[in-house]
Amino acid sequence: MVTAGVQFGWALQLSLLTPYIQVLPCVRIWSDKCSSKYGRRRPFILAGSLMISVAVTIIGFSADIGYLLGDADEDHRNFKGT
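Residues numbered from 1 in each chain as written. Predicted model: local features only at pLDDT ≥ 70, side-chain atom pairs only at ≥ 80, totals over all residues. Heavy atoms only, no water.

The next point concerns the overall build of the protein chain. Secondary structure summary: the protein chain contains three helices and zero strands in total. In the protein chain, the succession of helices and strands from N to C terminus is α-α-α. Looking at the protein chain alone, contacts between residues at least 24 apart form 34% of all its contacts between residues at least 6 apart. Here the protein chain displays about 7000 Å² of accessible surface, and carbon together with sulfur accounts for 65% of that area. (Helix = DSSP H or I, 4+ residues; strand = E, 2+ residues; numbered from the N terminus. Contact = heavy atoms within 4.5 Å. Areas by Shrake-Rupley, 256 points an atom, 1.4 Å probe, with all protein chains shown as cover.)

Now the structure itself:
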């Protein structure tokens, strides 16, 4: 379906934009107070990168995940996951 790409694009943009608007000021404060042996910023960069990777993967497989969690059969097309 053509609209699936548009929905994925909007979800991807929102997932990448939201940290700048809502979370980034809090992360800045926490990272300034962090005293990790890896530095002040690296643990937060790593954690943020992992969370974004997981979120984008979940968005990509959201229809399949919904089917596996019990979506109705009339809403189901074909299972396209791996």
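Along the chain, the position of Ser31 falls in helix H1 (residues 2–33). Of the residues examined, Ser31 reaches a relative accessible area of 3% and is grouped as buried. Those residues within four positions of Ser31 in sequence are excluded, and the remaining contacts are Arg40, Arg41 and Phe44. (Buried < 20%, exposed > 50% of the residue type's maximum accessible area, 1.4 Å probe, protein only.)

Positionally, Ile52 belongs in helix H2 (residues 42–60). Under the relative-accessibility criterion, Ile52 is labelled partly exposed at 26%. Between the C-alpha atoms of Ile52 and Leu12, which are 40 residues apart in sequence, the distance is 9.6 Å.

Judged by side-chain polarity, Val54, Ile58, Phe61, Ile65 and Leu69 come together as a nonpolar surface patch covering roughly 470 Å² of accessible area. Classification of Val54 as partly exposed rests on a relative accessible area of 48%. (Patch = residues over 30% accessible without salt bridge, like charges linked within 9 Å, V, L, I, M, F, W, Y side chains within 5 Å. Salt bridge = Lys/Arg side-chain N within 4 Å of Asp/Glu carboxyl O.)

Okay, the pattern of salt bridges next. This model, assessed by the stated rule, comprises one salt bridge. Arg41 serves as the salt-bridge partner of Asp32, at 3.2 Å between the closest nitrogen and oxygen.

On to the confidence of the model for the protein chain. In the predicted model, the protein chain carries a mean pLDDT of 76, and the fraction of residues at 70 or more is 71%. Highest mean pLDDT in the protein chain belongs to H2 (87); lowest belongs to H1 (72). (pLDDT = per-residue confidence, 0-100.)

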